[in-house]
Every structure is written in structure tokens, then in C-alpha cells.
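Chain and residue survey
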Amino acid sequence: GEDVEQSLFLSVREGDSSVINCTYTDSSSTYLYWYKQEPGAGLQLLTYIFSNMDMKQDQRLTVLLNKKDKHLSLRIADTQTGDSAIYFCAERGSQGNLIFGKGTKLSVKP
Amino acid sequence: DSGVTQTPKHLITATGQRVTLRCSPRSGDLSVYWYQQSLDQGLQFLIQYYNGEERAKGNILERFSAQQFPDLHSELNLSSLELGDSALYFCASSVGQWDEAFFGQGTRLTVV
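Below is a summary of the structure that appears in this document. This one's a predicted model, so the numbers in the text were calculated from it and none came from an experiment. (Residues numbered from 1 in each chain as written. Chains lettered and ligands numbered in written order. Predicted model: local features only at pLDDT ≥ 70, side-chain atom pairs only at ≥ 80, totals over all residues. Heavy atoms only, no water.)

**What about the overall build of chain A?**
Applicable threshold: Secondary structure follows DSSP: runs of H or I at least 4 residues long count as helices, runs of E at least 2 residues long count as strands, and numbering of each begins at the N terminus. C-alpha atoms define the radius of gyration in this analysis, and the globule rule sets the expected value at 2.2 Å times the number of residues to the power 0.38. Summary of the burial criterion: residues with accessible area below 20% of their type's maximum are buried, those above 50% are exposed, and those between are partly exposed, where the area comes from a 1.4 Å probe applied to protein chains only. Any two residues having at least one pair of non-hydrogen atoms within 4.5 Å are treated as being in contact.
When its secondary structure is counted, chain A shows zero helices and 11 strands. Here the C-alpha atoms of chain A give a radius of gyration of 13 Å, agreeing with the 13 Å that 2.2 N^0.38 yields for 110 residues. Counting the 110 residues in chain A, one finds 46% classified as buried. Residue pairs at least 24 apart in sequence account for 54% of intrachain contacts in chain A once pairs closer than 6 positions are excluded.

In C-alpha cells form, the structure reads like this:
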């Protein structure tokens with residue numbers, strides 16, 4: 001079936017890089033997404049990558065896609081305290097809906 | 001601000017009651033999705049509409065129903081509420097059925 005897995009927690013120091021990993025199951029997914037959820041807020045679309053790409057960079061964010069291993073990662077350079085949030089990986093399901101992982105809670109220590 | 005508006009922001013109601021959650025999509029978006037977020041289940045897809053028609057169905061209970069109106073706003077109706085229905089309900093919208101989706105701030109439903 002369609003499933004997305006993420007580790008639940010990540011803790012880094014301010015200024016370090018954060019790498020959040022995700023694995024997905026549907027090899028036919030055309031787009032893969034990263035969303036950010038801050039406490040008490042909705043989900044904010046951070047970035048997405050098309051399945052025929054290996055990498056996408058957008059300012060401090062770098063997305064890497066290994067289609068063979070069905071592995072997606074989000075790297076945040078120079079992580080700031082404002083980056084503390086829950087990060088969700090999502091793939092497109094066969095019906096067009098987004099299938100989310102459980103989210104990785106990123107804690108940034110000063 | 002994503003441009004997706006959900007009302008109300010908070011709702012407290014008793015078991016057995018019925019509530020309606022409302023969503024206004026971003027201007028120009030034809031697709032609306034509903035998701036339920038709870039601590040134990042994470043983000044679960046409920047249902048999707050495209051230009052007024054139901055397009056995809058997820059783990060939506062029979063007690064729940066939704067519709068999308070001609071002006072493209074959508075409503076999610078939850079009836080015979082149970083304590084376990086307490087959750088954050090999100091609406092998202094996208095231009096087409098397969099485009100990136102933008103989420104509203106959610107409605108927090110508490111059933112007591």
C-alpha cells in the first residue's frame with residue numbers, strides 16, 4: 001500500500017545543518033513534498049520535487065531524491081530557532097490525494 | 001497566509017451532536033481536500049472535490065459527509081459526534097487535481 005515513513009524527532013544546534021529523512025512506497029509518485037507545521041498553525045508548503053529530478057535547492061533548503069531507494073531528504077542549512085517545527089514529507093497517492101508521514105519534530109537549541 | 005480560509009477556528013461540542021466546518025479555497029483553485037489530524041493517526045486524508053464533484057475518498061467515516069458548492073467553497077459535516085472525533089480538521093486547495101496543495105489554518109474540534 002501507499003505509506004510514508006519519517007523519524008519522529010531531530011535535535012540540532014543553531015547554525016548547524018538539519019537533515020530530515022523520509023521513505024515512501026509508491027514509485028509512481030510524480031511529485032514529493034515537504035510541509036512545515038508550526039505550533040497551532042496549519043501546514044505550510046515549503047518545497048516540492050518532481051520525480052525526474054535528483055536535487056532541488058531553494059535558498060537554505062535542499063531536497064535530495066533517490067528514486068531507486070525511494071528516499072527523500074530535506075536539508076536546512078544554517079538552522080535557526082525559527083525553524084523549530086514539525087516537518088512532513090508527503091507523496092501523491094494514486095487518487096491524487098497527499099499521503100503524509102507522521103512528521104519529524106525539529107528542535108533547534110541556541 | 002495561504003489564502004485558504006477555514007471557519008470556525010475552534011469548536012467545542014457535545015457527543016451526539018452535528019457540526020459543519022467551512023472552507024473557502026484560494027481564488028482560482030478548483031480542488032478542495034479535507035484532512036483530519038490527530039495525535040495517534042497523524043494526517044489522514046478524508047475526501048477531495050474538484051469543481052463540485054467528488055474525486056477521491058479516503059478514510060472518511062459514514063457519519064461524515066462533505067460537499068463543494070458552485071462558488072467552490074466546501075463544507076464538511078460531522079454527525080453523531082464521538083469523543084474520538086476530537087481533532088484538527090484541515091482543508092487544502094489546489095488549482096487542479098494534481099497540483100501543489102495549500103492548507104488552511106484548520107478547525108480544532110473538541111467533543112466533550
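**Things to note about the interface of chain A and chain B**
The following threshold applies: The term buried area denotes the loss of accessible surface (1.4 Å probe radius) that occurs when two parts are joined, taken as the sum for both partners. The rule for a salt bridge is simple: a side-chain nitrogen of Lys or Arg has to be within 4 Å of a carboxyl oxygen of Asp or Glu. Each polar contact in these results corresponds to two N or O atoms within 3.5 Å; when the atoms are within protein, one needs to be able to donate a hydrogen and the other to accept it, and residues that are neighboring in sequence are counted only if both atoms are side-chain atoms.
The interface of chain A with chain B comprises 18 residues on the first partner and 22 residues on the second. Carbon and sulfur atoms supply 54% of the area that chain A and chain B bury against each other, a total of about 1600 Å² over both sides. Summed over the three residues of chain A that lose the most area to chain B, namely L43(A), R92(A) and Q95(A), the buried surface amounts to 31% of that side. Taken together, chain A and chain B are joined by zero salt bridges. Run the count over chain A and chain B and you get eight residue pairs in polar contact (both at pLDDT 80 or more). If you list the elements that add at least two residues to the side of chain A that touches chain B, you get β4 (31-37), β5 (43-50), β9 (85-92) and β10 (98-100) of chain A.

**What to know about the layout of surface pockets**
Formally: Any residue with an atom within 4 Å of a point lines the site, the site being either a cavity, points on a 1 Å grid over the protein atoms alone where a 1.4 Å probe fits but cannot get out, or a pocket, an open set with protein on both sides within 12 Å along at least 5 of 7 lines. Grid points are joined across faces, edges and corners, and a volume is the space filled by probe spheres set on the points. Ten residues, namely Ala, Val, Leu, Ile, Met, Phe, Trp, Tyr, Cys and Pro, are considered nonpolar, four, namely Asp, Glu, Lys and Arg, are considered charged, and the remaining ones, Gly among them, are considered polar.
As a volume, the largest pocket reaches approximately 600 Å³. Counting only elements with at least two residues in the lining of the largest pocket, the list comes to β9 and β11 (104-109) of chain A together with β4 (31-38), β9 (87-94) and β11 (107-111) of chain B. Each residue belonging to the lining of the largest pocket can be placed in one class, and the counts come to 12 nonpolar, 10 polar and four charged. If you add up the space inside the second largest pocket, you get close to 320 Å³. Taken together, 21 residues make up the lining of the second largest pocket; nearest its centre are D3(A), I99(A), F100(A), L43(B) and Q44(B). Among the elements that make up the lining of the second largest pocket, the one with the highest residue count is strand β5 (residues 42-50) of chain B (four residues). Of the residues belonging to the lining of the second largest pocket, the class tally is seven nonpolar, 10 polar and four charged.

**Regarding the side chain of Q97(B)**
Mapped onto the fold, Q97(B) is located in the loop between β9 and β10 (102-103). At 3.4 Å, the side chain of Q97(B) forms a polar contact with the backbone oxygen of Q95(A). Once residues lying within four places of it in the same chain are set aside, the contact partners of Q97(B) are R92(A), Q95(A), G96(A), S31(B), Y33(B), Q48(B), Y50(B) and R55(B).

**Regarding the sheet that holds strand β1 (residues 5-7) of chain B**
All names here are of chain B. For clarity, the cut-off: By definition, two strands form a pair when at least two bridges between them are found by DSSP. Orientation is described by axes fitted as lines to C-alpha atoms, over the contacting stretch for helices, and by angles from 0 to 180 degrees between their N-to-C directions.
The sheet built from four strands is open, its strands ordered β1-β3-β8-β7 with antiparallel pairing. In this open sheet, the two edge strands, each paired with only one partner strand, are β1 and β7 (64-68). When strand polarity is set aside, the average angle formed by the axes of neighbouring strands in this sheet is 15°. For strand β3 (residues 19-24) and strand β8 (residues 74-78), the ladder comprises five bridges, and the chain directions are antiparallel. Its bridge partner lying in β8, V19 is registered against L78.

**Points about the pairing of β7(B)**
All names here are of chain B. Side chains F64, A66 and Q68 project from β7 onto a buried face, and the interleaved S65 and Q67 project onto a face without burial. Relative to β8, β7 runs antiparallel, the two sharing five bridges. Bridged to A66 within β8 is L76. The loop that links β7 with its antiparallel partner β8 comprises five residues; one of these, L72, has a positive phi angle of about 80°.

**Section: the state of the cysteines**
Under the convention used in this document: A pair of sulfur atoms, both from cysteines and within 2.5 Å, is called a disulfide here.
Considering all chains together, one arrives at two disulfides over all chains under this definition. The side chain of C22(A) participates in a disulfide bridge whose partner is C89(A); the two sulfur atoms lie 1.9 Å from each other. Because the torsion about its S-S bond is -60°, the bridge between C22(A) and C89(A) counts as left-handed. With C22(A) in strand β3 (residues 18-24) and C89(A) in strand β9, this pair connects stretches of sequence that are 67 residues apart. Summarising the burial analysis for this pair, C22(A) and C89(A) share the class buried. The disulfide bridge from C23(B) ends at C91(B), spanning 1.8 Å between sulfur atoms. Looking along the S-S bond of the C23(B)-C91(B) disulfide, the torsion reads about -50°, which is the left-handed sense. Within this pair, whereas C23(B) is found in strand β3, its partner C91(B) is found in strand β9, the two being separated by 68 residues in sequence. Here C23(B) matches C91(B) in class, with each residue buried.

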